[in-house]
Amino acid sequence: PAPPCNNAIANYFDGMGGSTTTKYMGNLDALGFELQAKTAEDVFAESCGLAGCHDEIVSQMGLDLISADLAARVTGVRSVAVGCTDRILVVAGDPDGSYLIQKIQSSPDICGLQMPLLGGISSQDIEVVREWIVDLGVNAGSSSARLRGE
């Protein structure tokens, strides 16, 4: 199998613009590199963990977005932010109902500030997180159906 291409390489080319990105990525494919799609875990590691805010060592508001089993730690879990304890961090299958998306998109009714504090998250990376949340709902539905014998 072809060696996986580091996401850092893809991110570098993304900064060069659409046509250049396609040109260079095509060359990487021709060289035998297998491009890996960015995951929600990658987005959180780059945006939330590197800043030292939400990793396994420093977990602001008790929220670790870096360690293994991320979905289990955020799905169906209430926010601990003052005034927002009725919000669910991730509602499997429902990105618009997930407080985590509202925080990274800086929705008008969030408690506190947009996350991350510095730099923000690109619209492409927000879409990766949204798709991950949708997939959590699909996977949960499949598991439930198997348990019920459907």
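The structure displayed is predicted, hence computed values, not measured ones.

1. A closer look at the state of the cysteines
Moving on, step 1. Taken as a whole and judged by the stated rule, the model has one disulfide.
Moving on, step 2. Summary of cysteine pairing: Cys48 is not part of a disulfide, and the nearest cysteine sulfur, belonging to Cys53, is at 8.1 Å.
Moving on, step 3. We classify Cys53 as partly exposed; its relative accessible area is 27%.

2. What about helix H3 (residues 40-49)?
Moving on, step 1. When we look at burial in H3, the residues that qualify are Ala40, Val43, Phe44, Ser47, Cys48 and Gly49. Buried positions in H3, seen along its axis, are confined to an arc of 160° and lie on one side of it.

3. As for the nonpolar core
Moving on, step 1. By size, the foremost hydrophobic cluster in this structure holds 25 residues, and its most contacted members are Phe44, Leu65, Val74, Val90, Val129 and Trp132.
Moving on, step 2. Broken down by secondary-structure element, the contributors of at least two residues to this core are H3, helix H4 (70-74), helix H5 (99-105) and helix H6 (123-148).
Moving on, step 3. Broken down by element, the residue count for this core peaks at six residues, all from H6.
Moving on, step 4. Residue contacts for Leu65: discarding those within four places in its chain leaves Phe44, Cys48, His54, Leu70, Arg73 and Val74.

4. Some words on the side chain of Ser98
Moving on, step 1. By secondary structure assignment, the location of Ser98 is in the loop between H4 and H5.
Moving on, step 2. Looking at Ser98, the relative accessible area reads 0%, which means it is buried.
Moving on, step 3. Here Asp94 takes part through its backbone oxygen, which lies 2.8 Å from a polar atom of the side chain of Ser98.

5. Observations concerning the pattern of salt bridges
Moving on, step 1. Taken as a whole, this structure holds six salt bridges when the rule is applied.
Moving on, step 2. A salt bridge links Asp86 to Arg87; the shortest N-O distance between them is 3.9 Å.
Moving on, step 3. Ionic contacts of the salt-bridge type, sharing partners, join the residues Lys38, Glu46 and Asp125 into one network.

Definitions and limits used
Residues numbered from 1 in each chain as written. Predicted model: local features only at pLDDT ≥ 70, side-chain atom pairs only at ≥ 80, totals over all residues. Heavy atoms only, no water. Disulfide = S-S within 2.5 Å. Buried < 20%, exposed > 50% of the residue type's maximum accessible area, 1.4 Å probe, protein only. Helix = DSSP H or I, 4+ residues; strand = E, 2+ residues; numbered from the N terminus. Arc of directions from axis to C-beta. Core = buried A, V, L, I, M, F, W, Y, C linked by side-chain atoms within 4.5 Å. Contact = heavy atoms within 4.5 Å. Polar contact = N/O pair within 3.5 Å; in protein donor to acceptor, adjacent residues only side chain to side chain. Salt bridge = Lys/Arg side-chain N within 4 Å of Asp/Glu carboxyl O.

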